[in-house]
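Analysis of the macromolecular model
Listed below are the residues making up each chain.
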Amino acid sequence: MTGTGSDRSPRARLRALRPESFGADPTGARLARIRRSPNFADGIFQNPEQARRGPSGSGVEFAKIYFDKEGRSRRAPTGTIPVHPTTVADLARPPATGLRLTWMGHSGVLAEIDGHRVLFDPVWGERCSPFPFAGPKRLHPVPAPLAALGPVDVVVISHDHYDHLDLPTIKELAATDTVFAVPLGVGAHLERWGVPASRLRELDWNESTAIGDLSLTATPARHFCGRGLRNRQMTLWASWVVAGPEHRVFHSGDTGYFPGFEDIGAAHGPFDATMIQIGAYSEFWTDIHMTPEEGMRAHLDLQGGGPAGVMLPIHWGTFNLAPHPWAEPGEGTVTAAAGAAQRIALPIPGQPFEPGAERLPDAPWWRPVAKTPQGGWDAASVTESDGHPRGAAGADADEKASTGAGTSPEGPGADSGRGAPEAARTP
């Protein structure tokens, strides 16, 4: 007799006990495709340039930095993070220029491009963790309920880490008719969570798919993957290019800096806007996340070497995932933009903006709710309302930063990022 629970192999029984949040391992035709990938060798996916995946250096030294009392006080806001109060109403009006971006916090961005709606790395859950009771918790609420955003043509996932691929968010989106564009192997997780295979577009690096008038291309990134207790490196990570008839954008996902940005720009750029990871970096994992300076360098590489388009800094402000001060990624991006004469957008979470507009959100909105660094804020790093750098005359932008609406889930000054940072937390 076959098919009974008692006849299942030990491996099958272990799979049945695997928490739903861990997703699923690739099998069958998906696994065969992975093994044929030119980016898969020695049993794992490989980076375009050698990269150490886990923390480097002394664990004792890392612990000293991570648990330092003064350092911990700077890793969370001192007050309520502003959230845009009219996101849903603003999105009800079509973008005048044909391209509009709405940063939802962390790496989540709604891109309205040439009549289509693309949602990158949506995380609406309270924690980026496999467990609802532990792990880094939101520092600000989501700007709007997921259902209130309206129809989405395609959801794009950069990789399967918890702060980019969120179980409750995907399950809610699975109940819609949206399509999912994901790196090779990630589809196994989504199928376990209820997404039909017919709605998956699973791509290797440099493969493309068409959705309506849009072309979506998975492009290389320098990172890693994994959700379970054993990180088998069997799912790919990617950056993404989305090109429409009139506009094109780039989303970095998570990545360390590497020369491949120049190649991506030469093949697919220049871009009207780039969404670049500039947070959760550390000297202990320099290969897999970028600093603001590296993020600006990546943006310039993507644009052919000089300032062009608009850069939106992402992967910061929403979760506490690294030892750096909470406000440092924003400050560093403004400083880097001033040095490069590059236009940047600094929206508060949920604030839509059009990269082609003359005026961009520019106020350093984090300053009123962040611990002031020693020596004060850099007045010379404030920008004009068109996103271009300006001098010390703009120092009063501190007082004009939007206060929006919303509350911090754990209250003012809460250090909500308990547990190890992303690179150490993910096996």
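In case you missed it, the structure is sitting above this.
Described below are features of the structure shown in this document.

Our next topic: the overall build of the protein chain. Of regular secondary structure, the protein chain possesses 12 helices and 15 strands. Sorting the 427 residues of the protein chain into buried and exposed places 59% on the buried side. Looking at the protein chain alone, contacts between residues at least 24 apart form 71% of all its contacts between residues at least 6 apart. Split by element, the accessible area of the protein chain, about 16,600 Å² in all, is 53% carbon and sulfur.

What follows concerns unusual backbone geometry. In this model, Gly269 is joined to Pro270 through a cis peptide bond whose omega is -5°. Inspection of the secondary structure puts Pro270 in the loop between helix H8 (260-268) and strand S13 (273-277). Even without glycine at this site, Asn206 takes up a positive phi of about 70°. When its relative accessible area of 55% is taken as the criterion, Asn206 is described as exposed.

Okay, the sheet that holds strand S6 (residues 154-156) next. Strand pairing in a sheet is mediated by backbone hydrogen bonds. Such pairs are either parallel or antiparallel. The 7 strands are arranged S8-S7-S6-S5-S4-S3-S15 in an open sheet whose pairing can be described as mixed. Each edge of the sheet is formed by a strand with only one pairing partner; in this case those strands are strand S8 (200-203) and strand S15 (352-353). The sheet contact formed by strand S3 (residues 99-105) and S15 spans 2 bridges and is antiparallel. Across the sheet, residue Thr102 finds its bridge partner in S15, namely Pro352.

Moving on, we get to the packing of aromatic side chains. For the structure on display, the rule yields 15 aromatic pairs. Considering the side-chain rings of Trp316 and Trp326, the 6.5 Å spacing of their centres and the 40° angle between planes classify their relative orientation as tilted. Here Trp326 lies in the loop between strand S14 (310-314) and helix H10 (328-340) and Trp316 lies in the loop between S14 and H10, a separation of 10 residues in the sequence. Pair check on accessibility: Trp316 and Trp326 agree, each one buried. Each ring, one from Trp365 and one from Trp366, has its centre 5.7 Å from the other, and the planes form 80°; the classification is edge-to-face. Using a relative accessible area of 0% as the deciding quantity, one classes Trp366 as buried.

Let us now look at the packing of helix H9 (residues 292-302) against H10. Look at H9 against H10: their axes get within 8 Å of each other, and the N-to-C directions meet at 45°. For the element pair H9 / H10, the angle class is oblique. For the pair H9 and H10, the crossing hand works out as right-handed. Residues Pro292, Glu293, Met296 and Leu300 of H9 touch H10, and the partners they reach there are Glu328, Pro329, Gly332, Thr333, Ala336, Ala337 and Ala340. Partitioned by chemical class, the residues of the contact of H9 with H10 number 7 nonpolar, 2 polar and 2 charged.

This brings us to the nonpolar core. Among the nonpolar cores identified, the biggest contains 72 residues, and Leu101, Val118, Phe120, Leu216, Trp240, Trp326 and Trp366 are the most heavily contacted of them. When sequence neighbours within four positions are dropped, the list of residues in contact with Phe120 reads Ser107, Gly108, Val109, Ala111, Val156, Trp240, Val242, Val249, His251 and Met275. Core analysis: the second largest hydrophobic core is formed by 23 residues, Leu149, Val152, Val155 and Leu190 among them.

Within H8 the residues assigned to the buried category are Gly260, Phe261, Ile264, Gly265 and His268. All buried residues of H8 fall inside an arc of 145° around its axis, so they share one side. Opposite the buried face of H8, at more than 90 degrees from it, the exposed residues are Asp263, Ala266 and Ala267. Its buried side turned inward, H8 meets strand S10 (214-219), strand S11 (239-243), strand S12 (248-251) and H9.

Calculation criteria
- Residues numbered from 1 in each chain as written.
- Predicted model: local features only at pLDDT ≥ 70, side-chain atom pairs only at ≥ 80, totals over all residues.
- Heavy atoms only, no water.
- Helix = DSSP H or I, 4+ residues; strand = E, 2+ residues; numbered from the N terminus.
- Buried < 20%, exposed > 50% of the residue type's maximum accessible area, 1.4 Å probe, protein only.
- Contact = heavy atoms within 4.5 Å.
- Areas by Shrake-Rupley, 256 points an atom, 1.4 Å probe, with all protein chains shown as cover.
- Pairing = 2+ DSSP bridges.
- Phe/Tyr/Trp six-rings, centres within 6.5 Å; stacked < 30°, edge-to-face > 60°.
- Axes fitted to C-alpha atoms, helices over the stretch in contact; angles between N-to-C directions.
- Parallel < 35°, antiparallel > 145°, perpendicular 65-115°, else oblique.
- Left-handed = near helix turned anticlockwise from the far one by under 90°.
- Nonpolar A, V, L, I, M, F, W, Y, C, P; charged D, E, K, R; others polar.
- Core = buried A, V, L, I, M, F, W, Y, C linked by side-chain atoms within 4.5 Å.
- Arc of directions from axis to C-beta.

All quantities given are derived from atomic positions and should not be read as evidence of function.
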